[in-house]
Amino acid sequence: MLKDTKQQWFKDAKYGLFIHWGLYSILAGEYNGKTTPTIAEWIMNELDIPVKEYEKLASRFNPVHFDAEEYVKLACNWGMKYITITSKHHDGFAMYHSKCSKYNIVDATPYGRDVIAQLAAACKKYDIKLCFYYSQAQDWHDPDGYMANHNNEGKNFRRYFDEKCLPQIKEILTMYGEIGMIWFDTPMGITAEESREIFDFVKSIQPDCIVSGRIGNNLGEYMTTGDNFIPALPYYGDWEVPATLNDTWGFKKSDHNWKSAKDVIRLMVKIVSRGGNYLLNIGPDALGDIPKESVDILNRVGEFLRLNGDSIYGTRAIEPYVYDVEDCLFTAKPHNLFIHLMKRMDRLKLLNIGNRIERAYLLATGEELEVDCRQTCEGDNSWEFRLPQAWPDDIDTVICVETFEEKPVFEPLQQ
Ligand code: H79
């Protein structure tokens, strides 16, 4: 069954900022002289840090460099249309002022301020959608929450569910205004009834709040792919790829395996050309500083989007047959085809696209292109573009083709 969020903003947004930030950011992947072999926010689970020990991190959490407006301004400059932040990750620590668990940033840290409230105010000011990650099934702090790789027998999950999970979901949906979506994760042993209960509960509070793919039991309103996983073919429902810039979500000192801006831009085009959204992560450190490497990469991607954003936002996937063209990817709007060229070329010939071209130009510079449209002896249509020597962007040079026919030419295959 195709997924439909019924939310236009999500279908058109295409690019969002994921923020993984919590107590694990203090450890930065290291504990008692050991470096965790995997993603940094899993350190409590991986290195078996006892609850009583891990809890003490709260007394050290004082992210005095955090500046919500700065974060939101960066996200806007980076071309992102929504922000999804960890309100509570698997470690069970709430990054907002929860009234039903003292294990939260206001009551348990020297910082004593609600970062989510600050972010919500900044998002409102700059008109960007705010969304919350919430770990519904795993909670390594609550004795009755699930924990991966550990024995969960004998737990009274229902108690945790009623006393922490549902009340916290209510809090995040009532304390911070309009929320774009809740990003649930790792459903583990959650039953279909429990997933349904959460779904209905969210909708009863904020009917327009999207429920993410990983609520469990296939009840989510859009398809979340595996972390960093891109489907091989277009998927015509609503979907999103959650992705990292290095190999961790939470800040990890030892991880320097950064993607380049080129990698990121090309991944974005690939995802968008197949109809998906790209939710790209940063992991701020314990002080609230964003790793400089992340900032540099995302600045460069932002530059690309400032010039070429029309070929990303609001676009839809088109028929997969066009995928065959080497070094090219396509995105489309009803009267525009965007041709993404990943390699320098003098000429580009496309067969059988059919429609009458009104005009073609390089999106980044506006330079008009000569196009030879003809019928071949076989009766096929061909478009041949002549491309300029001065090449705007080696990462992705975008041709915008305009057609003005009454009927939308590139019939969106998605809503
Ligand atoms: O929030 C981020 C991750 O922490 C979370 N989803 C993204 C968005 C996530 N939860 N689970 N997983 C990702 C996949 C879990 C993989 C596991 Fe493992 C394999 C858990 C245990 C073995 C990776 C390797 C984590 C610990 C060891």
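Residues numbered from 1 in each chain as written. Predicted model: local features only at pLDDT ≥ 70, side-chain atom pairs only at ≥ 80, totals over all residues. Heavy atoms only, no water.

A. Molecular detail of the overall build of the chain. When helices and strands are counted, the chain shows ten helices and 17 strands. For a compact globule of 415 residues, the expected C-alpha radius of gyration is about 22 Å, and the chain comes in at 23 Å, within 12% of that figure. Counting only C-alpha atoms, the chain reaches 75 × 40 × 40 Å along its principal axes. Residues classed as buried in the chain amount to 58% of the 415 residues present. Of all intrachain contacts in the chain linking residues separated by at least 6 positions in sequence, the fraction that spans at least 24 positions is 71%. Counting only carbon and sulfur atoms, one obtains 50% of the accessible surface of the chain, whose full area is about 17,200 Å². Computed over 46 positive and 62 negative side-chain charges, the separation of the two mean positions in the chain equals 2 Å. (Helix = DSSP H or I, 4+ residues; strand = E, 2+ residues; numbered from the N terminus. Rg over C-alpha atoms; globule rule 2.2 N^0.38 Å. Buried < 20%, exposed > 50% of the residue type's maximum accessible area, 1.4 Å probe, protein only. Contact = heavy atoms within 4.5 Å. Areas by Shrake-Rupley, 256 points an atom, 1.4 Å probe, with all protein chains shown as cover. Lys, Arg positive; Asp, Glu negative; His and termini not counted. Charge placed at Lys NZ, Arg CZ, Asp CG, Glu CD.)

B. Region of the structure containing the site of the ligand. Surveying the vicinity of the ligand reveals 16 residues, the closest of which are His20, Glu41, Trp42, His89 and Asp185. Contact between the ligand and Trp42: an oxygen atom at 3.1 Å from a side-chain N or O atom of the residue. Asp227 places a polar side-chain atom, nitrogen or oxygen, 3.3 Å from a nitrogen atom of the ligand. (Near = heavy atom within 4 Å. Polar contact = N/O pair within 3.5 Å; in protein donor to acceptor, adjacent residues only side chain to side chain.)

C. Region of interest: the domain arrangement of the chain. Under the domain assignment, the chain is made up of domain 1 (8-311) and domain 2 (328-403). Each partner contributes to the interface: domain 1 provides 13 residues, whereas domain 2 provides 14 residues. For the pair domain 1 and domain 2, the summed buried area comes to about 1,300 Å², and 62% of that belongs to carbon and sulfur atoms. A per-residue breakdown of the area domain 1 buries against domain 2 is headed by Arg266, Asp310 and Ser311, which together make up 39% of the total. The closest approach of N and O atoms between Asp393 and Arg300, which form a salt bridge, is 3.4 Å. Our count for the contact surface shared by domain 1 and domain 2 stands at six residue pairs in polar contact (both at pLDDT 80 or more). Looking at the side of domain 1 that touches domain 2, the elements that each hand over two or more residues are helix H9 (261-273) and helix H10 (292-308). With seven residues, the top contributor of residues to the side of domain 1 that touches domain 2 is H9. Residues that form the side of domain 1 that touches domain 2 fall into these classes: five nonpolar, three polar and five charged. (Domains from an automatic or database assignment. Buried area = accessible area lost by both parts, 1.4 Å probe. Salt bridge = Lys/Arg side-chain N within 4 Å of Asp/Glu carboxyl O. Nonpolar A, V, L, I, M, F, W, Y, C, P; charged D, E, K, R; others polar.)

D. Layout of the nonpolar core. Core analysis: the biggest nonpolar cluster contains 104 residues, and Tyr54, Leu119 and Ile198 have the highest contact counts within it. Ranked by residue count, the leading element in this core is helix H7 (residues 157-174), at eight residues. Here this core spans two domains, since at least three of its residues come from each of domain 1 (8-311) and domain 2 (328-403). Membership of the second largest hydrophobic core comes to 20 residues, among which are Ile339, Leu341, Trp383 and Trp391. (Core = buried A, V, L, I, M, F, W, Y, C linked by side-chain atoms within 4.5 Å.)

E. Helix H8 (residues 192-205), seen in detail. The first and last C-alpha atoms of H8 sit 20 Å apart over 14 residues, in line with the 20 Å expected at 1.5 Å per residue. Along H8, the residues classified as buried are Glu194, Ser195, Ile198, Phe199, Val202 and Lys203. Where H8 is buried, its residues touch H7, strand E6 (181-184) and strand E7 (210-211). (Expected span 1.5 Å × (residues − 1).)

F. Quick peek at the sheet that holds strand E1 (residues 15-19). Across the sheet, eight strands lie side by side as E7-E6-E5-E4-E1-E10-E9-E8; this open sheet has parallel pairing. Where the open sheet ends on each side, the last strands, each with one partner, are E7 and strand E8 (223-224). Here five bridges tie E1 to strand E10 (residues 277-282), and the two strands are oriented parallel to one another. In the strand pairing of E10, Phe18 is matched with Asn281. (Pairing = 2+ DSSP bridges.)

G. Region of the structure containing the sheet that holds strand E15 (residues 370-375). In space, the three strands of this open sheet follow the order E13-E16-E15, with antiparallel pairing throughout. Each of the sheet's edge strands pairs with one partner strand only, and the pair in question is strand E13 (347-351) and E15. In this sheet, adjacent strand axes meet at a mean angle of 15° when their direction is disregarded. In this structure, E15 lies alongside strand E16 (residues 381-386), joined through six bridges in antiparallel fashion. Counted as the bridge partner of Val371 is Phe385 from E16. (Axes fitted to C-alpha atoms, helices over the stretch in contact; angles between N-to-C directions.)

H. Molecular detail of the pattern of salt bridges. With the rule as written, the count across this model stands at 28 salt bridges. Linked through salt bridges whose partners overlap, the residues forming this network are Asp142, Asp144, Arg159 and Glu163.

I. Focus on the packing of aromatic side chains. For the coordinates displayed, the defined rule picks out 21 aromatic pairs. Taken together, a centroid distance of 5.7 Å and an interplanar angle of 65° make the contact between Trp21 and Phe61 edge-to-face. Within this pair, whereas Trp21 is found in the loop between E1 and helix H2 (24-27), its partner Phe61 is found in the loop between helix H4 (51-55) and helix H5 (68-77), the two being separated by 40 residues in sequence. Residue Phe61 is classed as buried on the basis of its relative accessible area of 0%. Grouping aromatic residues by their ring pairs yields a cluster made of Trp9, Phe10, Tyr82 and Tyr222. Lying over the aromatic face of Tyr313, Lys81 brings its terminal NZ or CZ to 4.2 Å of the ring centre. Directly above the aromatic system of Phe199 lies the positively charged group of Arg196, at a separation of 5.4 Å from the ring centroid. (Phe/Tyr/Trp six-rings, centres within 6.5 Å; stacked < 30°, edge-to-face > 60°. Lys NZ or Arg CZ within 6 Å of the ring centre and 35° of its normal.)

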